[in-house]
Amino acid sequence: MKNKIKTIAVVVVAIALSTTLAQGQAAPQHDHAAGVDSRGDMAMGFSHDKSTHHFQLMADGGAIEVAANDKDDSVTRDQIRQHLTHIAMMFTAGDFDVPMFIHDTVPPGVPVMKAKQKAISYAYEPTTAGARIRITTKDPDAVNAVHQFLNFQIEDHRTGDSNAVKPPA
């Protein structure tokens with residue numbers, strides 16, 4: 001009987017400990033995601049709740065696309081366009097301060113993207129509901145860095161986008 005009680009006590013303690021650890025691990029992920037959303041809203045000038053981000057990997061680089069969720073929300077659409085115009089200029093100049101601020105870390109790929117600044121093109125394109133930045137390069141190391149950067153964006157912004165590499169668009 002004593003052994004059964006000890007076994008039950010050990011199981012109860014193990015369950016309580018694993019639950020506490022699991023909650024402790026979930027909290028930092030939630031806090032990080034909330035921080036990304038909050039800092040993103042501040043840096044972008046529009047709400048993540050009113051927009052949708054997509055990141056695409058392509059054989060020659062990739063694309064960052066942002067659209068207003070409501071087709072009649074011209075304010076958010078215009079804020080997206082202003083932000084992505086600014087981001088394309090900053091990235092062209094090798095300035096990645098905005099994603100480093102939003103994500104509270106240096107995103108993977110950024111050091112190489114800075115070093116290969118002249119080999120990478122960041123072309124701004126307006127879309128019906130927002131805008132996109134088409135990232136292109138012929139440098140294999142730069143392509144790999146762009147893919148690392150975009151994969152990180154997909155994960156940290158929780159977009160659910162595929163990390164499959166598509167043909168250039």
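Now for a look at the structure at hand. Please read all numbers here as calculations on a predicted model, not as lab measurements. (Residues numbered from 1 in each chain as written. Predicted model: local features only at pLDDT ≥ 70, side-chain atom pairs only at ≥ 80, totals over all residues. Heavy atoms only, no water.)

With respect to the side chain of Arg134
Okay, step 1: Here Arg134 lies in strand 4 (residues 130–137).
Okay, step 2: Residue classification places Arg134 among the buried positions, given a relative accessible area of 6%.
Okay, step 3: A polar atom in the side chain of Arg134 sits 3.3 Å from the backbone oxygen of Gly62.
Okay, step 4: Apart from the residues within four sequence positions on either side, Arg134 is in contact with Met58, Asp60, Gly61, Gly62, Ala63, Ser121, Tyr122, Ala123, Glu125, Pro168 and Ala169. (Helix = DSSP H or I, 4+ residues; strand = E, 2+ residues; numbered from the N terminus. Buried < 20%, exposed > 50% of the residue type's maximum accessible area, 1.4 Å probe, protein only. Polar contact = N/O pair within 3.5 Å; in protein donor to acceptor, adjacent residues only side chain to side chain. Contact = heavy atoms within 4.5 Å.)

Notes on the environment of Thr52
Okay, step 1: Turning to its location among the elements, Thr52 is positioned in strand 1 (residues 51–58).
Okay, step 2: Given the relative accessible area of 31%, Thr52 is considered partly exposed.
Okay, step 3: Through-space distance from the C-alpha of Thr52 to that of Gly130 is 9.6 Å; in sequence the pair is 78 residues apart.
Okay, step 4: Ignoring sequence-local partners within four residues, the contact set of Thr52 consists of Glu65, Val66, Ala67 and Asn69.

Here's the deal with the pattern of salt bridges
Okay, step 1: On inspection of all chains with the given rule, the structure shows 7 salt bridges.
Okay, step 2: One salt bridge connects Lys116 with Asp139, and the closest N-O pair in it is separated by 3.0 Å. Here Asp139 lies in the loop between strand 4 and helix 5 (140–156) and Lys116 lies in the loop between helix 4 (110–115) and strand 3 (120–126), a separation of 23 residues in the sequence.
Okay, step 3: Lys116 is paired through a salt bridge with Asp141; the nearest N and O atoms lie 3.9 Å apart. Residue Lys116 is located in the loop between helix 4 and strand 3, and its partner Asp141 is located in helix 5; the two are separated by 25 residues in the primary sequence.
Okay, step 4: For Lys116, a relative accessible area of 24% translates into the label partly exposed.
Okay, step 5: When its relative accessible area of 49% is taken as the criterion, Asp141 is described as partly exposed.
Okay, step 6: Because the salt bridges share partners, they merge into one network encompassing Glu65, Glu125 and Arg132. (Salt bridge = Lys/Arg side-chain N within 4 Å of Asp/Glu carboxyl O.)

Digging into the environment of Leu84
Okay, step 1: Within the fold, Leu84 resides in helix 2 (residues 74–92).
Okay, step 2: It is 8.9 Å that separates the C-alpha atoms of Leu84 and Gly130, two residues lying 46 residues apart in sequence.
Okay, step 3: Those residues within four positions of Leu84 in sequence are excluded, and the remaining contacts are Ile64, Val66, Tyr124, Ala131, Arg132 and Ile133.

Details of the nonpolar core
Okay, step 1: Of all hydrophobic cores here, the largest spans 30 residues; its most connected members are Ile64, Met113, Tyr122, Ile133, Ile135 and Leu150.
Okay, step 2: Those residues in contact with Ile135, other than ones at most four positions away along the chain, are Asp60, Gly61, Gly62, Ile64, Ile120, Ser121, Tyr122, Val146 and Leu150. (Core = buried A, V, L, I, M, F, W, Y, C linked by side-chain atoms within 4.5 Å.)

Purely spatial values, then, with no claim about function.
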